[in-house]
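As a plain string of letters, each chain reads:
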Amino acid sequence: MGVYGVLGRRDDEPPLISDDIVARREWVGGGRYLQDTTEGTLEGSPYWRRGWLGYSNMDRRYEWVTVDAVNSEMMSYASATGSGPQTTISLTGVFTDQGVAGEAYAGKSVAMRTVIRIDSNDRHTIELYFTRPGDKERLATRAVYTRTAP
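Residues numbered from 1 in each chain as written. Predicted model: local features only at pLDDT ≥ 70, side-chain atom pairs only at ≥ 80, totals over all residues. Heavy atoms only, no water.

**Some remarks on the overall build of the chain**
Phase 1: Counting its secondary structure elements, the chain contains 0 helices and 11 strands.
Phase 2: Each helix and strand of the chain, ordered N terminal to C terminal, gives the series β-β-β-β-β-β-β-β-β-β-β.
Phase 3: Taking the principal axes of its C-alpha atoms as reference, the chain extends roughly 40 × 35 × 25 Å.
Phase 4: Burial status across the chain gives 39% buried among its 150 residues.
Phase 5: Taking contacts inside the chain between residues at least 6 apart in sequence as the whole, the part at least 24 apart equals 28%.
Phase 6: A total accessible area of about 8,700 Å² is found for the chain, and carbon and sulfur atoms account for 50% of it.
Phase 7: If the 18 positive side-chain charges of the chain are averaged to one point and the 20 negative ones to another, these points end up 5 Å apart. (Helix = DSSP H or I, 4+ residues; strand = E, 2+ residues; numbered from the N terminus. Buried < 20%, exposed > 50% of the residue type's maximum accessible area, 1.4 Å probe, protein only. Contact = heavy atoms within 4.5 Å. Areas by Shrake-Rupley, 256 points an atom, 1.4 Å probe, with all protein chains shown as cover. Lys, Arg positive; Asp, Glu negative; His and termini not counted. Charge placed at Lys NZ, Arg CZ, Asp CG, Glu CD.)

Structure representation (structure tokens):
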């Protein structure tokens, strides 16, 4: 996992990298939702996030909700209506920043976009992008998931 221009980091700094983060995934809710629990360390501090990915049959779109140990709010994303099964899923949302995107943005709405790429049965990539008010979209995190056990 790499953390880019967020958490007080400038865009020109190299990303924070962690290689001890483990994700455990399981189908929950009668197989309707994929639950992803991700934990490990980042720069010596504990890292934890849980997310649920589902598909709304009524809205014909993917929905992704996450909670983590950094924010005190639920992050909620949705893909475009009519987006069906595909190997790249793009979901958007907005959150009220607590300073994660930078102290100047605390209390402001920040647009976010998550891209989930299914590279193969054994490798997935999840990227999170932020668009701060008045700024261009920037990569916040990139996580590469590689299956190590069945």
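**Quick word on the packing of aromatic side chains**
Phase 1: Counted according to the given criterion, the structure contains 2 aromatic pairs.
Phase 2: Residues Tyr55 and Tyr62 carry aromatic rings whose centres are separated by 5.0 Å and whose planes lie at 75 degrees to one another, so their mutual orientation is edge-to-face.
Phase 3: Overall, the relative accessible area of 12% leaves Tyr62 in the buried class.
Phase 4: Ring geometry for Phe95 and Phe130: centres 5.0 Å apart, planes at 45 degrees, overall tilted. Pair noted here: Phe95 is in strand β8 (residues 88-96) and Phe130 is in strand β10 (residues 123-131), with a separation of 35 residues, a long-range link.
Phase 5: One cation-aromatic arrangement involves Arg25 over Tyr145; the distance from NZ or CZ to the ring centre is 4.2 Å. (Phe/Tyr/Trp six-rings, centres within 6.5 Å; stacked < 30°, edge-to-face > 60°. Lys NZ or Arg CZ within 6 Å of the ring centre and 35° of its normal.)

**A few points about the layout of surface pockets**
Phase 1: Here the largest pocket defines a volume of roughly 1,000 Å³.
Phase 2: Broken down by secondary-structure element, the contributors of at least two residues to the lining of the largest pocket are β3 (22-28), β4 (33-42), β5 (45-56), β6 (61-68), β9 (109-120), β10 and β11 (137-146).
Phase 3: For the lining of the largest pocket, the element with the highest residue contribution is β3, accounting for 6 residues.
Phase 4: A breakdown of the residues in the lining of the largest pocket according to their chemical character gives 19 nonpolar, 8 polar and 10 charged.
Phase 5: Taken as a whole, the second largest pocket encloses approximately 520 Å³ of empty space.
Phase 6: Forming the walls of the second largest pocket are 32 residues, and the residues nearest its centre are Met1, Tyr47, Asp68, Leu128 and Thr141.
Phase 7: At the level of secondary structure, the elements contributing two or more residues to the lining of the second largest pocket comprise β4, β5, β6, β7 (75-78), β10 and β11.
Phase 8: In terms of residue class, the lining of the second largest pocket is made up of 22 nonpolar, 6 polar and 4 charged. (1 Å grid on protein atoms, 1.4 Å probe; cavity = no way out; pocket = protein on both sides within 12 Å on 5 of 7 lines; lining within 4 Å. Points joined across faces, edges and corners; volume = space filled by probe spheres on them. Nonpolar A, V, L, I, M, F, W, Y, C, P; charged D, E, K, R; others polar.)

**What about the pairing of β10?**
Phase 1: Most of β10 is tucked away, with 7 of its 9 residues classed as buried.
Phase 2: Bridge count between β9 and β10: 9 bridges; the pairing is antiparallel. Bridge pairing links Ile118 to His124 in β10.
Phase 3: Joining the antiparallel neighbours β9 and β10 is a turn of 2 residues.
Phase 4: Note: β10 against β11, 9 bridges, orientation antiparallel. In the sheet register, Arg123 faces β11, and the bridge partner there is Thr146.
Phase 5: Where β10 hands over to β11, the hairpin turn is made up of 5 residues, of which Gly134 adopts a positive phi near 75 degrees. (Pairing = 2+ DSSP bridges.)

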